Structures are given as structure tokens and as C-alpha cells.
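# What the coordinates show
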Amino acid sequence: MGGKLNGMALGSAADITPETIWHLENRWITDSLHPKLWLLLIGTNDLGRSGCSKRNTLVGILHIADHLHKMRPDVPILFHGLLPRDGPEGERLSTDDY
């Protein structure tokens, strides 16, 4: 069904982009880490829980990607699509809302 996958989850549940940026700027990823791929799934909590605008959410995602690229320029970045979720007032957001 699939091969062995070696990976490391570096995220925290419910993080939003400013929190992740803070982690990155404060040495959350050490110099000894040499990934083959960055898998970036971030932004859904910005749009839902925090009620950030699409534009601000995108700026945060791109800032994170830029930081990762500067750390390891030869490592590809795979962006995971944002998952559907509830909005800040509990209303259901669809991917069309993004």
C-alpha cells in the first residue's frame, strides 16, 4: 500500500501563521535538520479561528515559505491545500470561500 515514510511533524495544533513565523525566527528548526522536502500545511486556522483576511493569510504563508527557502534553498516546498473548516462564528466555510 505504500513505502516507509520518514518524517517529522514540526507544527503545533491550532497554530496560525504569525505564531509559526515566530517559531521560525526563534530557531525552532535547528541547523542539524536537513529535510528532503518541506510539506507546508498552514493557513486554515488563520481563516477560521482568527478570521484573518485571505490576503493576510497568503502573506503569512508566503513569509513562512520564504523563510524555509532561505534556510535550505535546495529543498523543495510542497504546499498542501487548505482544508474546509468552520469560520470564526461557526459558519461552515467552503474551499470556494478561500
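To start, this report covers the structure provided alongside it. The structure presented is a predicted model; accordingly, all values stated were derived computationally and were not measured. (Residues numbered from 1 in each chain as written. Predicted model: local features only at pLDDT ≥ 70, side-chain atom pairs only at ≥ 80, totals over all residues. Heavy atoms only, no water.)

## Examining the overall build of the protein chain
The helix and strand tally for the protein chain stands at three helices and four strands. Its helices and strands in sequence order give the protein chain the pattern α-β-α-α-β-β-β, from N to C terminus. Within the span of the protein chain, comprising 98 residues, buried residues form 31% of the whole. The long-range fraction of contacts in the protein chain, counting pairs at least 24 apart against all pairs at least 6 apart in sequence, stands at 69%. Approximately 7,000 Å² of the protein chain is accessible, and the part contributed by carbon and sulfur atoms is 56%. (Helix = DSSP H or I, 4+ residues; strand = E, 2+ residues; numbered from the N terminus. Buried < 20%, exposed > 50% of the residue type's maximum accessible area, 1.4 Å probe, protein only. Contact = heavy atoms within 4.5 Å. Areas by Shrake-Rupley, 256 points an atom, 1.4 Å probe, with all protein chains shown as cover.)

## Some words on the pattern of salt bridges
Pairing between side chains of opposite charge can happen when their charged atoms approach one another. With the rule as written, the count across this model stands at two salt bridges. Two residues, R27 and D31, come together in a salt bridge whose shortest N-O distance is 3.0 Å. (Salt bridge = Lys/Arg side-chain N within 4 Å of Asp/Glu carboxyl O.)

## With respect to the nonpolar core
By size, the foremost hydrophobic cluster in this structure holds twelve residues: I21, L24, I29, L33, W38, L40, I42, I61, I64, A65, L68 and V75. Going through the elements one at a time, α1 (17–25), β1 (38–40) and α3 (54–71) are the ones with two or more residues in this core. Sorting elements by how many residues they give to this core places α3 first, with four residues. Every residue in contact with I61, bar those within four places of it in the chain, is listed here: T17, L40, I42, G43 and F79. (Core = buried A, V, L, I, M, F, W, Y, C linked by side-chain atoms within 4.5 Å.)

## A look at unusual backbone geometry
Positive phi outside glycine occurs at R27, with the angle close to 65°. When you line up the elements, R27 lands in the loop between α1 and β1. Judged by relative accessible area, which is 54%, R27 ranks as exposed.

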